[in-house]
Amino acid sequence: MKSAVETLNPTRVRLTVEVPFEELKDSLDAAYKKINQQVTVKGFRKGKVPARVIDQRFGRGAVLEEAVNDALPKFYTDAVNEAELSPLGQPEVDITELKDGETLNFTAEVDIRPAIEIPDYSGIEVEVDAVEVTDEDVDKAVEELRERFASTAPVERAAEDGDVVTIDLEAKVDGEVLEDGVANGVSYTIGSGELLDGIDDAVKGLEAGGEATFTSELKGGSAAGKEAEVTVKVTQVAKRELPELDDEFAQLASEFDTLEELRADSRKRLENMKQYDQATQAQERVLEKLLELVEVPVPEKLLEDEINTRKHNLEHHQLGQMGLDLAKYLEIQGKSEEEFDTETREAAIKGIKTQFVLDELVKQEKLNVNQEELTEHLMRRAASSGMSPDQFAQAVVEGGQVPLLVGEVARGKALAVVVEKATVKDTNGEIIDLDDEEDEDTETEATEASAEEKTEG
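Residues numbered from 1 in each chain as written. Predicted model: local features only at pLDDT ≥ 70, side-chain atom pairs only at ≥ 80, totals over all residues. Heavy atoms only, no water.

**Q** In this structure, what is going on with the overall build of the chain? I would like to understand it.
**A** Tallying secondary structure elements over the chain gives 14 helices and 11 strands in all. Taken over the C-alpha trace, the chain has a radius of gyration of 33 Å; the compact-globule value for 457 residues is 23 Å, which it surpasses by more than 25%. Taking all 457 residues of the chain together, the buried fraction comes to 36%. A separation of at least 24 residues holds for 69% of the contacts in the chain among residues at least 6 apart in sequence. (Helix = DSSP H or I, 4+ residues; strand = E, 2+ residues; numbered from the N terminus. Rg over C-alpha atoms; globule rule 2.2 N^0.38 Å. Buried < 20%, exposed > 50% of the residue type's maximum accessible area, 1.4 Å probe, protein only. Contact = heavy atoms within 4.5 Å.)

**Q** When you look at the packing of aromatic side chains in this model, what are you seeing that I'm missing?
**A** Summed over the entire model, instances satisfying the criterion amount to one aromatic pair. Where Phe149 meets Phe249, the ring centres are 6.2 Å apart and the plane angle is 90°; that geometry is what we call edge-to-face. On the criterion of sequence distance, the pair formed by Phe149 in the loop between α4 (135-148) and β6 (151-154) and Phe249 in helix α6 (residues 247-253) is long-range, its members being 100 residues apart. Here Phe149 falls in the partly exposed class, since its relative accessible area comes to 29%. Taking relative accessible area as the criterion, Phe249 reaches 2% and is therefore assigned buried. (Phe/Tyr/Trp six-rings, centres within 6.5 Å; stacked < 30°, edge-to-face > 60°.)

**Q** Where do I start with the pattern of salt bridges in this structure?
**A** If charged atoms from side chains of opposite charge come close, those side chains can pair. Inspection of every chain in the model, using the stated rule, returns 33 salt bridges. A salt bridge links Asp100 to Arg60, with the nearest nitrogen and oxygen atoms 2.8 Å apart. Here Asp100 is found in the loop between β3 (87-99) and β4 (103-112), whereas its partner Arg60 is found in helix α3 (residues 60-82), with 40 residues between them in sequence. Residue Glu288 pairs with Lys350 through a salt bridge whose shortest N-O separation is 2.1 Å. (Salt bridge = Lys/Arg side-chain N within 4 Å of Asp/Glu carboxyl O.)

**Q** When you look at the nonpolar core in this model, what are you seeing that I'm missing?
**A** Soluble globular proteins tend to bury their nonpolar side chains together. With 36 residues, the main nonpolar core has Tyr121, Ile124, Leu290, Val357 and Leu361 as its most contacted residues. At the level of elements, β5 (125-128), α7 (259-293), α8 (300-322), α10 (337-364) and α13 (402-421) are the ones that each hand at least two residues to this core. Take this core: its biggest share by element is seven residues, from α10. For Val357, the residues in contact, after removing those within four places along its chain, are Ile116, Ile118, Leu290, Leu291, Val294 and Val296. (Core = buried A, V, L, I, M, F, W, Y, C linked by side-chain atoms within 4.5 Å.)

**Q** What am I meant to see in the UniProt feature "domain: PPIase FKBP-type" (unreviewed entry) in the chain here?
**A** Under the local residue numbering, the UniProt record ascribes the feature "domain: PPIase FKBP-type" (unreviewed entry) to residues 162-215. What you have in residues 162-215 is 9% helix and 54% strand, and the ends, taken at the C-alpha atoms, are 22 Å apart. (UniProt positions renumbered as here; feature names shortened; annotations may be inferred.)

As structure tokens, this is what we get:
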């Protein structure tokens, strides 16, 4: 077999392959054997029909077609390996010549990973938010915890902001009560925004037994998106009572004995959260700077497929779970379809470029992924997916996704190499050391998350 490569553009090549006919022998034998098992010829036992009889009865062309279809993938793969190409997607194959007993010639056009040169990235500098936790931040965190331990007590007065009311609801569209438009005994906190638009104004000022009617756009159900006339009846008004902020509350809400210890723990938790956010911000901004340094051509077919995949996942998975279609989502976001298409295209281009650049860095830095790193990444991915580690691991293996996970970890390590050489300062001008031993787990998790987000979505 002889092959040659013609570069059509930085991301696409044409392979021209010439195969001597004798190299088709194994595939021809397999073709005759396959046809033998499928046909019946009088005078011959099944599977024992001679090749010359098959040629006479069914045509030599049918045998050649079967043999070529069987052989092409191998010859194509051999040509790709010989040229040391990294193909993307399936090739477009064209048989240019097939002479029985002489030769098989074909061409294969395919997108390839572009050749990328990574320049010196040691001079990258980025600025990130400083880690600052104020007394007000701690107060807010403790107050949120306090809210979770609130109790309610019925009161005989008109409902006010913050009260918990028990209500019955009835929704009508065009004067007809919807089959799924009636709900009784619903508990609702006034001002929470968890139900229909307009319900807060309707129930405020009502006592138990009072009712009101208002108009609102339904968010879900059989008439989602339609204007409905909603009647709400209050059956009970209850006041929320918050526990006193003292040592007794600290013992109730945590493992600490004093309020001072609880506040100190809240401050530490907030600092950890902001350190994680800071590390993530650093990865993202370093990655942005790195991509600015590298020229990365993007294959059009790959880009088209990536855009379609992103749109499909949004429409059929994310929005579907929320009961929304694309039109409603764009309305909520205040975006036109053209703006959405532009943003999706830009995000897809960035994701592809990120993967190409980080994969090149993996090769350049000779980075490997060990079992411990893969297991830790799998555990994190399982937690974010809501599955147990065993369930997630089984799904990954059955779906043939292990190489994808290895790639995610490797790209995370590649980005970490770049970040390690970058200068990261906070808004106070202080240099941030993301390699600090205390923050090692935070940095690893943030780096992998950043690399994964840019390459997947």
